[in-house]
Amino acid sequence: MAADQSRQERMAAAFMSVASVFIAGMEYIDRPEPGEFVEAEPDWYVTFNVALHGAILVLLLLALLRVPRMTADRPGLRLPFTVMILVGIAGAAYVVGVDLGLV
């Protein structure tokens, strides 16, 4: 059961990392050109996006803390999973920054 749980945690971390990088790429592609008029989004939508992307960021930070336990049965996966999660954290932080208007 423990090895199965580690596998599930690795799959969840991989999915969140890939999803956050995908969302960050879509945000980057969809950014407005300089001088372009942009219609404001509703407040509820902005709040929902910040909460959702913030939750993904928090879950990726927790996954980063759990990497040693997730990869205890497969030590060769420790470095690739750490790098993948760090890239996912960077993507999620970019999206949260865009949502908050910091980037």
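In what follows, the structure referred to is the one given above.
The rules behind these values
Residues numbered from 1 in each chain as written. Predicted model: local features only at pLDDT ≥ 70, side-chain atom pairs only at ≥ 80, totals over all residues. Heavy atoms only, no water. Helix = DSSP H or I, 4+ residues; strand = E, 2+ residues; numbered from the N terminus. Expected span 1.5 Å × (residues − 1). Phe/Tyr/Trp six-rings, centres within 6.5 Å; stacked < 30°, edge-to-face > 60°. Buried < 20%, exposed > 50% of the residue type's maximum accessible area, 1.4 Å probe, protein only. Lys NZ or Arg CZ within 6 Å of the ring centre and 35° of its normal.

Draft legend 1. Looking closely at helix α4 (residues 78-100). In this model α4 runs 32 Å from its N-terminal to its C-terminal C-alpha over 23 residues, within 8% of the 33 Å that 1.5 Å per residue would give. Immediately downstream of α4, the backbone of G101 shows phi near 80°, a positive value.

Draft legend 2. Spotlight on the packing of aromatic side chains. For the structure shown, the criterion picks out 1 aromatic pair. Centroid distance W44 to Y45: 5.9 Å. Interplanar angle 80°. Geometry classified as edge-to-face. Residue Y45 is classed as partly exposed on the basis of its relative accessible area, which comes to 33%. Here the guanidinium or amino end of R31 rests over the ring plane of Y28, the centre of that ring lying 3.9 Å away.

Draft legend 3. Inspection of helix α2 (residues 43-65) at higher detail. Taking 1.5 Å of rise per residue, 23 residues should cover 33 Å, and α2 covers 33 Å from first to last C-alpha, within 8% of that figure. All of the buried residues in α2 are N49, H53, I56, L57, L60 and A63.

Structural measurements only, silent on function.
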